[in-house]
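# Remarks on the overall topology
One-letter residues, chain by chain:
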Amino acid sequence: MIASGVVLTLTLVVLLGFAGVGVWYARDGVDSVEEFVSARDSVGTATLTATVVASSMGAWILFSPAEAGAAFGGVTAVVGYAVGSALPLFCYASLGPRIRQLVPEGHSLTEYAYARYGTVFAAYVLLVTVAYMFVFLAAEFTGIALVFARLAGVPGWQTATLVGTIVLAYTAYGGLRASIVTDRIQTLVVLPLLFVGVVATLVALGGPTAVVSSVTSTRPELLSLGYLPGIEFGVYVTVAILGAELLNQAWWQRIYAGRDDETVKRSFRVAAACVVPLVLVVGLFGPVAAARGFVSTPSDASVALFLVVERVLPDWAVLVFVLLALVLVVSSADTLFNAIASVVTVDVPRFVEMPADRLTTVARLVTGLVAVAAVVVGAQGYSVLTLFLLADLLAAATFGPLLLGLYSRRARSGGVLVASASGLVVGLLFFPPARGVLSVPLLSPSFFVAFLGAAGVSCGVAWLSTLVGDERYDFGRLGREIHRLDDD
C-alpha cells in the first residue's frame with residue numbers, strides 16, 4: 001500500500017497546479033455574466049477537441065467500463081460502454097450546428113427548453129439536468145475516494161473534500177474559459193499516463209496473449225461476443241449514456257465555444273474516435289480481474305482495474321494510476337461545476353428578478369452547495385456504475401422529446417411532457433434499484449427493459465403527439481427570444 005502522505009502531497013501539488021493555471025488564465029477577472037458562462041466562438045479545433053476528450057473522460061473511465069466487464073457481461077459489456085460513450089459525441093457533430101443555427105446566442109439546454117416548450121417542461125428538464133450532473137459529480141468523487149482508500153488508506157471524506165474544494169475554487173473564479181484551458185493540459189497529461197499505465201500492467205501480466213489465456217481458462221464466457229448478459233448490457237448502456245450525454249449541459253456550452261460549425265463537427269468527431277479505444281482498453285481489465293478471482297464482492301467490481309494494478313505493479317507504478325485518476329476527476333469536475341453554474345445563471349432570472357452583476361455570485365453559491373452535496377455522497381463509497389445508471393434513466397426518458405423540438409414544428413409542450421413522464425414511469429417500474437419502492441406483480445426487474453422502455457415509450461409518445469392538431473411552431477422565435485445575458 002502506498003503511504004497516504006505521499007498520495008495526499010501529490011494530490012495537493014496537482015490540484016494547486018491546475019488551480020494556478022486556471023486562475024492565471026482568468027487573471028484579468030470575469031467582467032460579465034456572459035463571459036462567466038460562455039466562451040462563444042472563441043475556440044479552435046485542437047482546443048475544442050482536447051476539452052471534449054478531457055471532459056468526456058472523467059474518472060468513470062477507470063471504474064464503470066471495468067465494473068461492467070467484471071460484473072455485467074464481459075467483453076460485450078465493455079464494447080457497449082465504448083460505443084455508448086462515443087455515440088453522443090458523434091450525434092453532437094450534427095446536432096451542434098443545428099443548435100447554433102436555431103439559437104445563435106444561446107447558452108443552455110434549459111434555456112432552449114423554456115423558449116421552445118414553456119415553463120413546465122423547462123422546469124422538468126432543469127430538474128433532470130441538474131440531477132444528472134449532481135450524480136455525475138458524486139460518482140466522480142466516489143471513484144477517486146475509493147481509489148485513494150484502496151491504495152493508500154486515505155479516508156473518503158478527505159479525498160472528496162480536498163478535490164472538490166480546490167476545483168470549485170478555480171472554476172468559480174475563472175468560469176468556462178478556465179475550465180477549457182485546464183482541460184487542454186489535462187488531455188496532454190491523461191493520454192500518455194493512460195498509455196504508460198496500461199502497457200506496464202499488460203507487461204506485468206505477461207502480455208496480451210497471457211491475459212487472454214488466463215481469462216479463457218477460467219471464465220471463457222467473459223470473452224464471448226455471444227454472451228447474452230453482455231449483449232443486453234451493451235444495448236441498454238448505449239441507450240443510457242446517449243440519453244444522459246444529450247442532456248449534459250457541458251456539451252451545449254462547448255457547442256457554442258467552437259469557432260464555427262465546421263470546428264464543432266470536426267472536434268466532436270475526433271473526440272468520439274478517441275474515446276472508443278480508450279474505454280475498450282481500460283474496460284477489458286474488468287474481465288481480467290473477474291477471471292483471476294480478484295472480484296469477490298459487488299463493491300470490488302467498482303475498482304476492478306485497481307485490483308489488478310495493485311497486485312501486479314510496484315508502488316511507484318501504481319502512482320501512475322493514482323495520478324491518472326486524479327487528473328481525470330479534475331477534468332470532469334471543473335466541467336460539471338461550470339455547467340451547473342451556467343444553468344443556474346440562465347434560469348434564475350426567470351423566477352427571481354436580479355441584476356446581471358449578481359447572477360454570477362448566485363451561480364457560484366448554488367454550485368458550491370451542489371459541490372458540498374456531491375462530496376458528501378462521494379465519500380460514502382457507493383457503486384459508481386449504479387449511480388450513473390440512476391441518473392441515466394431520468395435522461396433516457398427525456399432526451400427524445402426535448403430534441404424533437406429542434407426538428408419538428410408540430411412538437412408541443414403538452415405532448416412532450418406526457419411523453420417524458422410516460423417513459424420515466426415505464427423505466428422506474430422495471431428499474432432494479434427501484435424495486436424496493438415500486439414493486440408491481442408480474443413485472444420482472446430488468447435494466448434492459450427499463451432503459452429501452454423509457455427511451456422507446458417517451459420517443460414514441462412524443463412522435464404520436466405531433467400527429468394531433470395543426471399547430472406549427474416558428475423556429476425563428478428561438479433566435480428572437482434567446483439572447484446574450486449582458487444585452488440590455
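Details of the structure are given in the entry above.
Everything in this summary refers to the structure shown in the same document. On a predicted model such as this, the values are computed, not experimentally measured, just so you know. Numbers given for residues are sequential positions, taken from 1 along each chain in its written order. Where totals are concerned, whole chains, interfaces and linings use all residues; where local detail is concerned, this predicted model gives features only for residues with pLDDT of at least 70, and gives and counts side-chain atom pairs only at 80 or more. As a rule here, side-chain values come from all non-hydrogen atoms in the structure, and water together with hydrogens is ignored.

### Focus on the overall build of the protein
The secondary structure content of the protein amounts to 21 helices and 0 strands. Taken against the 2.2 N^0.38 rule, which gives 23 Å for 488 residues, the C-alpha radius of gyration of the protein at 22 Å falls within 12% of a compact globule. Referenced to the eigenvectors of the C-alpha coordinate spread, the extents of the protein come out at roughly 65 × 60 × 40 Å. In this scheme, a residue with accessible area under 20% of its type's maximum is buried, one over 50% is exposed, and one in between is partly exposed, where area comes from a 1.4 Å probe on protein chains only. Classification of the 488 residues of the protein by burial places 58% in the buried group. Any two residues whose heavy atoms approach within 4.5 Å at even a single point are treated as in contact. Partitioning the intrachain contacts of the protein with sequence separation of at least 6 by distance along the chain shows that 86% fall at a separation of at least 24. Under the convention used here, a 1.4 Å probe and the Shrake-Rupley method define accessible areas, while residue burial counts only the protein chains that appear. Accessible area for the protein stands at about 17900 Å²; split by element, carbon and sulfur atoms hold 67% of it. Positive charges come from Lys and Arg alone, negative charges from Asp and Glu alone, with His and the N- and C-terminal ends not counted. To locate a charge, take atom NZ for lysine, CZ for arginine, CG for aspartate or CD for glutamate. Averaged over its 27 positive side-chain charges, the protein has a centre that lies 5 Å from the centre of its 31 negative ones. Helix and strand assignments follow DSSP, with helices taken as H or I runs no shorter than four residues and strands as E runs no shorter than two, numbered in order from the N terminus. Only C-alpha atoms enter the radius of gyration, while the globule expectation follows 2.2 Å times N to the 0.38, with N the number of residues.

### Thoughts on the nonpolar core
Nonpolar cores are built from buried Ala, Val, Leu, Ile, Met, Phe, Trp, Tyr and Cys residues. Side-chain atoms within 4.5 Å join them into one set. By size, the foremost hydrophobic cluster in this structure holds 162 residues, and its most contacted members are L62, L137, F141, F268, L305, F306 and F451. Counting residues per element, this core draws most heavily on helix α15 (residues 315–351), at 20 residues. In this view, F451 contacts Y236, V239, A240, L389, D392, L393, A396 and F431; residues no more than four positions away in its chain are not counted.

### Points about the environment of S446
Its location among the elements puts S446 in the loop between α19 (413–430) and α20 (447–465). Sequence separation of S446 and A139 is 307 residues, and the distance between their C-alpha atoms is 22 Å. In contact with S446, other than residues within four places in its own chain, are F430 and P432.

### Focus on the packing of aromatic side chains
For any two aromatic rings, the description comes down to two numbers: the centre-to-centre distance and the angle of the planes. Side-chain rings of Phe, Tyr and Trp, where Trp is taken by its six-membered ring, are said to pair if the distance between their centres is within 6.5 Å; with planes under 30 degrees apart they count as stacked, over 60 as edge-to-face, and otherwise as tilted. Throughout the structure, instances matching the rule amount to 16 aromatic pairs. Between Y92 and F268, the ring centres sit 5.6 Å apart and the planes meet at 35°, which makes this aromatic pair tilted. Residue Y92 is found in helix α4 (residues 64–102), and its partner F268 is found in helix α11 (residues 261–283); the two are separated by 176 residues along the sequence. Taking relative accessible area as the criterion, F268 reaches 0% and is therefore assigned buried. On the basis of an interplanar angle of 70° and a centroid distance of 5.8 Å, the ring pair of Y132 and F136 is categorised as edge-to-face. Taken together, the residues Y132 and F136, both in helix α6 (residues 119–152) and 4 residues apart, mark about one turn of the helix. Through pairs of rings, three or more aromatic residues link up here, namely F72, Y81, F233, Y236, F431, F447 and F451. For R98, the ring lying beneath its charged end belongs to F475, and the centroid distance is 5.4 Å. Here, over-ring charges are defined by two tests on the NZ atom of lysine or the CZ atom of arginine: distance to the ring centre within 6 Å, and angle to the ring normal within 35 degrees. Here R311 stacks its cationic end above the ring of F294, 4.4 Å away from the centre of that ring.

### Some points on a nonpolar patch on the surface
Within this analysis, patches are made of residues with over 30% relative accessible area and no salt bridge. Like charges are joined at 9 Å or less; nonpolar side chains (Val, Leu, Ile, Met, Phe, Trp, Tyr) at 5 Å or less. By salt bridge we mean one thing: a side-chain nitrogen of Lys or Arg within 4 Å of a carboxyl oxygen of Asp or Glu. A surface patch of nonpolar side chains, amounting to about 290 Å² of accessible area, comprises V79, V83, L87 and F90. Along the chain, V79 falls in helix α4.

### Let's talk about the packing of helix α3 (residues 45–56) against α11
Axis lines are fitted through C-alpha atoms, for helices just across the contact stretch, and the angle between N-to-C directions can take any value from 0 to 180 degrees. Where α3 meets α11, the closest approach of the two axes is 8 Å, and the angle between their N-to-C directions is 40°. In terms of axis orientation, α3 runs oblique to α11. As for how α3 packs across α11, the hand of that crossing is right-handed. Note on element contacts: α11 touches α3 through T263, V264, R266, S267, F268, V270, A271, C274 and V275, opposite T45, L48, T49, V52, V53 and S56. Residues were grouped as follows: Ala, Val, Leu, Ile, Met, Phe, Trp, Tyr, Cys and Pro as nonpolar; Asp, Glu, Lys and Arg as charged; and all remaining residues, including Gly, as polar. By residue class, the composition of the contact of α3 with α11 is 9 nonpolar, 5 polar and 1 charged. Orientation categories follow fixed angle ranges, with anything under 35 degrees roughly parallel, anything over 145 roughly antiparallel, 65 to 115 roughly perpendicular, and all other angles oblique. Take the far helix as your reference; a near helix turned counterclockwise from it by less than a right angle gives a left-handed crossing, and one turned clockwise gives a right-handed crossing.

### Describing α3
Compared with the 16 Å implied by 1.5 Å per residue over 12 residues, the 16 Å span of α3 between its first and last C-alpha is a close match. Burial of α3 is extensive: 10 of the 12 residues sit out of reach of the surface. Where α3 is concerned, the buried positions are T47, L48, T49, A50, T51, V52, V53, A54, S55 and S56. To estimate the expected span of a helix, subtract one from its residue number and multiply by 1.5 Å.

### Details of the side chain of T11
Secondary-structure assignment places T11 in helix α1 (residues 4–25). You can call T11 buried: its relative accessible area is 1%.

### Some words on the pattern of salt bridges
This structure, assessed with the given rule, holds 9 salt bridges. Notably, a salt bridge pairs R100 with D41, separated by 3.1 Å at the nearest N-O pair. Here R100 is found in helix α4, whereas its partner D41 is found in the loop between α2 (33–37) and α3, with 59 residues between them in sequence. In this structure R100 comes out as buried when scored by relative accessible area, which is 12%. Using a relative accessible area of 41% as the deciding quantity, one classes D41 as partly exposed. In this structure, a network of salt bridges that share partners links the residues D41, R100 and D261.

### Let's talk about the environment of G243
Inspection of the secondary structure puts G243 in helix α9 (residues 228–245). Through-space distance from the C-alpha of G243 to that of F451 is 9.6 Å; in sequence the pair is 208 residues apart. Apart from the residues lying within four places of it in its own chain, the contact partners of G243 are A395, A396 and F399.

### Structural notes on the side chain of T171
You can see T171 is positioned in helix α7 (residues 156–204). Since its relative accessible area comes to 3%, T171 is described here as buried. Think of a polar contact as two N or O atoms within 3.5 Å of one another; within protein, one of them needs to be a possible hydrogen donor and the other a possible acceptor, and neighboring residues in sequence only count if both atoms come from side chains. In this structure the side chain of T171 is engaged in a polar contact, spanning 2.8 Å, whose partner is the backbone oxygen of V167. A polar atom in the side chain of T171 sits 3.1 Å from the backbone oxygen of L168.

### Considerations on the state of the cysteines
Disulfide: a pair of cysteine sulfur atoms within 2.5 Å of each other. Throughout the structure, instances matching the rule amount to 0 disulfides. In this structure C91 is a free cysteine whose sulfur lies 12 Å from that of C459, the closest cysteine sulfur available. Since its relative accessible area comes to 28%, C91 is described here as partly exposed.

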